[in-house]
Amino acid sequence: MRHLRLDPVIVIAVLGLAILGIVMVFSASAIRADLEHADDYFYFKRQLVFLLLGLLIMVGAAAVPYEFWGKGVIFLLAGTTLLLILVLTPLGHTANNATRWFRVGPVSLQIAEFAKLIVVVYFARYLSAREERIQSGWKVLIPPSIVLAGLFFLVAKEPDLGTALFIIMLGCTMLFIAGVPKKVLAVIGLTAAPVITYLIVSENFRIERIKAFLDPWKEYNGSGFQLIQSFVAFGNGGLFGVGFGEGKSKLLFLPESHTDFILAVIGEELGFAGVIAVLFLFGMFVVRGIWTALGAPDSFGTLLAAGLTLMIGIQAVINSMVVLGLLPTKGLPLPFISYGGSSLMTSMIAAGIILNVAGRSTSS
Amino acid sequence: MTGKRGHQARWDAVVRARIRFLGALVPLLLLLPAAKAFNLQVQQQEDLARRAERQSQMVERVAPKRGAIIDANGQPLAVSVPVPSVYAEREKVRDKKGAARDLSRVLGISSKTLYERLEKGRGFVWLCRMVEPEAARKVREMGIEGVGLRMESRRYYPNKELAGSVLGFVGTDKGLEGLENSLEEFLRGGDGLRVFDLDARGARMTPVSSWEKAPETGATVQLTLDRNIQFFVEQSLREGCSAIGASAGAAVILESRTGRILAMANYPAFNPNDFSRFDRRFYQNKAIHYVYEPGSTFKVVTIAAALEEKVFDDMDILFCENGRFQVADAHINDHVPHGWLTLSGIISKSSNIGATKVGLELGKETLGKYTRAFGFGRETGVLLPGEARGILREAKGWTRVDLANIAFGQGLGVTPLQMVNAVNTIATGGERLRPFLVEKIMSPSGEVIMHNRPTIQGRVVSRETARTVAKMMEAVTRSGGSGENAAILGYDVAGKTGTAQKFENSRGQYSKEKYIASFAGFVPAADPLITAIVVVDEPRKKIYGGTVAAPIWKDMVVKTLKYLNVSPAPSYRDKVPVSPAAEPRIARVDGVRKVSVAQETVMPDLRGLTLREALGRLAETDSRVKVKGTGVVVEQVPMPGDGMGGPVSLSLQPRGES
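Below or above, wherever it landed, is the structure these notes cover. (Residues numbered from 1 in each chain as written. Chains lettered and ligands numbered in written order. Predicted model: local features only at pLDDT ≥ 70, side-chain atom pairs only at ≥ 80, totals over all residues. Heavy atoms only, no water.)

1. Focus: the sheet that holds strand β3 (residues 107-110) of chain A
All names here are of chain A.
Step number 1: Here we have three strands laid out as an open sheet, ordered β1-β2-β3, and antiparallel in their pairing. Two strands bound the open sheet, and with one partner strand each, they are β1 (93-95) and β3. Neighbour to neighbour, the strand axes of the sheet diverge by 50° on average, direction disregarded.
Step number 2: Inspection of the sheet shows β1 paired to strand β2 (residues 98-104) by three bridges, in the antiparallel sense. By the bridge assignment for β2, threonine 94 is matched with threonine 99. (Pairing = 2+ DSSP bridges. Helix = DSSP H or I, 4+ residues; strand = E, 2+ residues; numbered from the N terminus. Axes fitted to C-alpha atoms, helices over the stretch in contact; angles between N-to-C directions.)

Here is the structure:
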């Protein structure tokens, strides 16, 4: 670590997404902020602090040898689990009928966001250390399964089923890239499917969301409203958008316009061009992140960089597909862009770790 | 070791392949949202953009200030005053329960109702329209977020009942009855349009954009009505009708030479400020809605037609069959038997038989033609909503009995306004005018939009005929005429009484108890200034036009002449003040007085007669008659042969029961 080398492609992708994010968070949240807090800049100011902090942390993480994460993973995992338990106690902060946050002064931290990161680090560490046992035998999968089930349970309890399912998905992705035989993956999939189906069906509002997804126009005034408003926002934007700050959807038409549905605001104000730019930056990030993983000095580095890259990439895919009505509504933020400190921090740390792997890449 | 190394290399290859696979899959998956974005933003762009436009704005109509209605002298009859209304923007009301509870105390609406208004639906809602200033002040003081006051225009009728049924009233948004209804397009003005940006919950965003189109105040309507004359007429009609227990009444005064309606009154009246407290039937303007059989007032038309057609002249005399005359299978009766009468006598004594004979001589075609020419069976053109045309069958279809009946005013339906306009045709010297109520309509800037001018709708009879008929009508109000109660000291009054039985649709025959008494005439007879009519529906204590309607007519016309400063006729100048002998005649308006007709100074024997027949015998005596029971007269006070003077009371029983 005598001198720090930052991969320019990843840095450009991250900066591009983050700057677009902070600007659009301001545009999307100003009126809501004014109504709710009598301060146009309420959300913007917080996000800006997180962005600057996040960039520092990214650079800091880039400077830390990635092996550090592997060695400390047990502590990180234990700490995360403890915090996830504590958040369910009265120490946790409740909003919108869910207890997901710790309030620390003016900011609130969403532990489940960090849990995603920890899952990737843990799986990369665990699986890379047992490469010879992965292709044979089940026993090796027992500890990570327990970890995954525990985290899933705790996050689902908040409740935050979206993130909980995403954690399962991340675990499975890690198993897949770590070379777990297809046969084993199929069994895991067949086991998980009924459980997940039950969890979705057991809550009425989730069925509503599915129905709204299948035919949003029919559920226009109910559960389909948000999706229709999202479509209207995209449509109103056209090719090049109505211009920054000129969008109408964010005037409370579009719920969660500055968080999960921020891509719709981008679509309205910056148009198809803006949407393509965002998707392109994510594509760029993923391709470069995968390239980094393939050039990592060891298998831990490979799994770590690939896992974190996919964590960002899959979230981007899911979020953009949800916002465009290609997947049922699920509360996943758009990495680097959506309002939310924990999400931004998590993405920035992930980017920093990938940058560190990239700096040590044998292929560069 | 090679095994392990080989194993690791194999594993490494699998890992790299799988990472490459996902590394390619994820960017490819990003093409899906890109494709959908293309679909929405390029292919569906127009539709969705239109939708965005539509849902983000609301056009609010703002009712303009309604134009005023003023009388001929510019006095206000209907004005709009700003009154506060309470509204809510539902999303902005945080504590709906609490707001409903607090407002309920001030607005006098149950908190449950208010809560429902706040809870159901989105955006703007009126909580209570047109509240008292005190309540508005309290609402303002509460300062509940999302609850506000907005000034609305409320219609106010400063003269209360005055001309109520002519003016009509305004509902929440538009004129519902009377002139308020028929002149809606002028009075209403132009809606203002305001565009609001809305949020998704339907709440208006502040700030409000400025007017898309400013509201335009409605036009001012000036009527021909004179508030003072209207007041006299309503007063006379009210006092007269209530004194004799009539169920309803209507009166109209026209300016003879122009057709301007100076007054148009109804009894019972209603107060348009409080219209909802009155039954619907009070809203009716009987002067134009009420269709009745005119009875003897119509004889003016028959005689005028005969003179114009020269079927008779004013020197001819007709035999009136001593009170009973058969036409086909019907009997025509006179209340008082007459022998030979001139045409003037037929008018002044109101002989049905005389009018029948004139009518039969004229023939149905000719009488039908004149009836139409005098304006019956069609709208007068006064431009009030729902003006009745009356009932006038095609003359071709009349039987001989129909012809006989119509000649003395039964078997056709007219409105008071039609009748007074027909009489006014005699007053104008034979030209029928269009009666009108609206003098002019002026825009808020003072520009005259419409100015009504007197309109002659045709010459009906020659000036000479009209003069002759007018002379005959003067005799009606002279001593011995059926309308002497309408005589006004100092003026020559031309008029005609009318008493018609009401046709009871339910029973299909003429009622024996229900009458319509009327009097129509003009003054001064030689150079008419005003023409007026009084129609009284179902008078109870007295029934005749001469005793019921004529005194009311006189009362209102005297006041009007005085108000208009009309100087007495030259021939009366030296007789004013009047001789003491004449004084009581003028003073008596209650109808209880010494009989002035010589042959009826003693009480006739009425026993065995039907009520109608009995009342017919008492017709010219102007006695107040009290009636008990139905059927035929079985007892009478005074007894036959006794002198008359006091009230007459009759007891009746169904025939065959005594």
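2. A word on the interface of chain A and chain B
Step number 1: Taken together, the contacts link 58 residues of chain A with 39 residues of chain B.
Step number 2: Note on chain A versus chain B: buried area summed over both sides is about 4300 Å², and carbon and sulfur give 71% of it.
Step number 3: There are zero salt bridges connecting chain A and chain B.
Step number 4: Joining chain A to chain B, the criterion identifies nine residue pairs in polar contact (both at pLDDT 80 or more).
Step number 5: Among the elements of the structure, α6 (131-134), α8 (161-177), α9 (182-201), α11 (225-237), α12 (262-294) and α13 (299-323) of chain A are those that each provide at least two residues to the side of chain A that touches chain B.
Step number 6: A per-element tally of the side of chain A that touches chain B places α12(A) first, with twelve residues. (Contact = heavy atoms within 4.5 Å. Buried area = accessible area lost by both parts, 1.4 Å probe. Salt bridge = Lys/Arg side-chain N within 4 Å of Asp/Glu carboxyl O. Polar contact = N/O pair within 3.5 Å; in protein donor to acceptor, adjacent residues only side chain to side chain.)

3. A closer look at the nonpolar core
Step number 1: Membership of the largest hydrophobic core comes to 130 residues, with the highest contact counts inside it found for Phe282(A) and Phe336(A).
Step number 2: Ranked by size, the runner-up nonpolar core spans 124 residues in total, among them Ile229(B), Ala305(B), Val460(B) and Ala470(B). (Core = buried A, V, L, I, M, F, W, Y, C linked by side-chain atoms within 4.5 Å. Buried < 20%, exposed > 50% of the residue type's maximum accessible area, 1.4 Å probe, protein only.)

4. Some remarks on the environment of Val15(B)
Step number 1: Relative to the elements of secondary structure, Val15(B) occurs in helix α1 (residues 2-29).
Step number 2: With relative accessibility at 2%, the residue Val15(B) sits in the buried group.
Step number 3: Ignoring anything within four residues of it in the chain, the contact list for Val15(B) reads Ile177(A), Ala178(A), Gly179(A), Thr302(A) and Leu303(A).

5. Let's talk about helix α6 (residues 133-142) of chain B
All names here are of chain B.
Step number 1: Residues Ala135, Ala136 and Val139 constitute the buried set of α6. Looking straight down α6, one finds its buried side chains confined to an arc of 100°; they lie on one side. In α6, the exposed positions that point more than 90 degrees away from the buried face belong to Pro133, Arg140 and Glu141.
Step number 2: Close packing links the buried residues of α6 with β3 (76-89), α4 (96-107) and β5 (147-156). (Arc of directions from axis to C-beta.)

6. Quick word on the pairing of β3(B)
Residue and element names in this part refer to chain B.
Step number 1: Taken across its 14 residues, β3 has ten buried, putting it largely inside the fold.
Step number 2: As paired elements, strand β2 (residues 69-70) and β3 share two bridges and run antiparallel to each other. By the bridge assignment for β3, isoleucine 69 is matched with alanine 78.
Step number 3: Where β3 meets β5, ten bridges bridge the pair, whose relative direction is antiparallel. Bridge pairing in β5 links alanine 88 to valine 147.
Step number 4: Summarising the sheet, β3 and strand β4 (residues 124-128) pair through four bridges and their orientation is antiparallel. Paired with valine 86 across the two strands is cysteine 128, which belongs to β4.

7. Let's talk about the pairing of strand β17 (residues 448-451) of chain B
Residues and elements named next belong to chain B.
Step number 1: Alignment of strand β16 (residues 438-442) against β17, held across three bridges, turns out to be antiparallel. Across the sheet, lysine 440 pairs through a bridge with histidine 451, a residue of β17.
Step number 2: Remark: five residues form the turn of the hairpin made by β16 and β17, two consecutive strands paired antiparallel; glycine 446 in that turn has positive phi of roughly 95°.

8. Re unusual backbone geometry
Step number 1: The omega torsion of the bond from Glu158(A) to Pro159(A) falls at -5°, within 30 degrees of zero and hence cis.
Step number 2: The residue Pro159(A) is located in the loop between α7 (142-157) and α8 in this model.
Step number 3: The peptide bond linking Tyr267(B) to Pro268(B) adopts the cis configuration, its omega dihedral lying at -5°.
Step number 4: Relative to the assigned elements, Pro268(B) resides in the loop between β10 (261-267) and α11 (286-289).
Step number 5: One non-glycine residue, Ala328(B), adopts positive backbone phi at about 50°.
Step number 6: Within the fold, Ala328(B) resides in the loop between β12 (324-327) and β13 (330-333).
Step number 7: Even without being glycine, Asn565(B) reaches a positive phi, approximately 60°.
Step number 8: The residue Asn565(B) is located in the loop between α19 (545-563) and α20 (570-573) in this model.

9. A word on the environment of Leu199(A)
Step number 1: Note that Leu199(A) resides in helix α9.
Step number 2: Taking C-alpha positions, Leu199(A) is 9.6 Å from Ala156(A), a pair spaced 43 residues apart along the chain.

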